[in-house]
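What follows is the residue order along each chain.
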Amino acid sequence: MLAILLFFGIRALTPAAAQHGHAMTFRGDAPGIDENPLRGFVPYSSTKQTGDTFPHSMEWFYLPLSAVVTGPDTYDWTLLERQLTAIAARGHQAIFRFYLDYPELPSGIPAYLLAAGLLTFPYADAGNAASPTPSVSPDYRDPRLIECLVRFIHAFGVRYDGDVRIAYLTAGLYGFWGEWHVLDHPLPGEPPGWSIRQQDKDALLRAYVEGFHRTPVLVRVPDVTEDRTLLTHFGFHDDSFLEDTFGPEGWHFWAKMGEAGATNLWQTHPMGGEIYPELQSGLFDAWPNRQGQPASLSIAVTQATWMLDADLFVAAQTPMQRANTLRTERMLGYTLYCRQWQLARNEDGSATITVRVENRGVAPIYYAWPVEAEAMDANGQVVAQATAAWPLPELLPGKTEEWSVSFSSLPATAKTILLRIANPMPGGHPVAFANAEMSTVLPGWLTLAIDAPE
């Protein structure tokens, strides 16, 4: 039996010293909360950012597919790299989408497909005809286009799945703005190539499932496929949030989610979107909001984690507007609160910190980022370090889990233990706990003070 224990590296420890629980204090506006990663309001990456810019941890951008796809199975990732590098340099992570057709902007269709004779269709929707650089819609029933898209998704996944600079992806590619719709097209007399076949929609979705195992991918609505199993691999983004989120019609976002049996997929895949652009200006003039659908109810029901709100990051806010905005922003995504911790020392010099963590938000954190602990003496010198892997995505709203971090050796001189959930992206925001003890010794670290040797 001893040989078996040694083989698996299991140590037989003497009974731990008496354990003493330490209660912690909740603070909803703890330092770093409003810049918590992977959640909150999101600006365009092109927005000029200053010290007064509303706090955020992510940035959004679009990219034409033609910027990357230069030929059959030929890719130039330069422009994407440039975007991701610039966003990461600001300490933020990216959410983005590739498009073929963006009204009023030049076509994003790869040039080699146009040269090969891919049909395109002009249109007047969304001011496109009046633009000096009008877009066109491609023939979505051309098998050469579908093959190009499927191959691109696979190549995209090979290169970028799990890239720490990326928070989330939206599926994009098909439809106006990459939103998986072409409004009322094909109109009477228009060719069927305006709309994509269902089998080809499913082919694109399967390519994302095959290509991305670590980076979450979101689709706009659940009726993109009738394959319920396929649908379970995706999150969702409501691009008319607070305008068409709820309603009695089958086309309303939440009605579609209910019809597809997708209302609980937020437990494993993120929910996001965009506050309807016409509602963004003045949305936070009052609490609760007087225009659009109720923000607090909409966030609570959809379990939303992030929302694009371009106006928020370019328009000056009054103190009241800012207070209302922060109140709304803190409702999005996860809110992790360390309720209690305790230290157990062992006679061999090792020790374990056990914490009880509660999620007071509306969604989990969707990445199991590494947990780090440091023990400091009375002079502020680090005397021990430890790491742990916690199943963070399993901590659903309203739940409390007990997790631990173990030190192989903890000197008796240790007076303070610092704990953090580390952002794996260099320079990225760590996860701030909603605790009064957050950042009291070092920014980004939760402080656990040892009263006396245990």
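Residues numbered from 1 in each chain as written. Predicted model: local features only at pLDDT ≥ 70, side-chain atom pairs only at ≥ 80, totals over all residues. Heavy atoms only, no water.

Caption draft 1: Looking closely at the side chain of His252. Within the secondary structure, His252 is located in the loop between strand 12 (235-241) and helix 7 (253-259). For His252, the contacting residues outside a window of four places in its chain are Asp244, Thr245, Phe246 and Gly247. (Helix = DSSP H or I, 4+ residues; strand = E, 2+ residues; numbered from the N terminus. Contact = heavy atoms within 4.5 Å.)

Caption draft 2: Spatial organisation of the sheet that holds strand 20 (residues 416-421). Strand order in the open sheet formed by 4 strands is 18-17-20-21, with antiparallel pairing between adjacent strands. Both outer strands of the open sheet, strand 18 (382-388) and strand 21 (446-449), are each paired with one neighbouring strand and no more. Looking at each pair of strands side by side, their axes are set apart by 20° on average, direction ignored. As defined by bridge partners, strand 17 (residues 371-376) adjoins strand 18 across 6 bridges and the pair is classed as antiparallel. Of the residues in strand 18, the one forming a bridge with Glu374 is Gln385. (Pairing = 2+ DSSP bridges. Axes fitted to C-alpha atoms, helices over the stretch in contact; angles between N-to-C directions.)

Caption draft 3: Expanded view of the pairing of strand 17. Among the 6 residues of strand 17, 5 are classified as buried, and the element is accordingly described as predominantly covered. The hairpin turn running from strand 17 into strand 18, its antiparallel successor, is 5 residues long, and Gly380 in that turn takes a positive phi close to 80°. The pairing of strand 17 with strand 20 spans 6 bridges and is antiparallel. Bridge pairing in strand 20 places Val371 opposite Ile421. (Buried < 20%, exposed > 50% of the residue type's maximum accessible area, 1.4 Å probe, protein only.)

Caption draft 4: Representation of the environment of Phe98 within the structure. Mapped onto the elements of the fold, Phe98 is located in strand 6 (residues 93-101). Other than its neighbours up to four places away in sequence, Phe98 contacts Leu63, Pro64, Leu65, Val68, Leu80, Phe152, Phe156, Gly172 and Leu173.

Caption draft 5: Spatial organisation of unusual backbone geometry. In this structure, the amide linkage connecting His185 to the following residue, Pro186, adopts the cis form with an omega of 0°. Note that the residue after Trp287, namely Pro288, is joined by a cis bond; omega there is -5°. A positive phi angle, close to 75°, is found at Leu173, a residue other than glycine. Residue placement: Leu173 occurs in strand 10 (residues 173-176). Backbone geometry at Gln303 places phi at a positive 60°, although glycine is not the residue there. On the secondary structure map, Gln303 appears in the loop between helix 9 (295-302) and strand 14 (306-308). The buried category is assigned to Gln303, whose relative accessible area is 13%.

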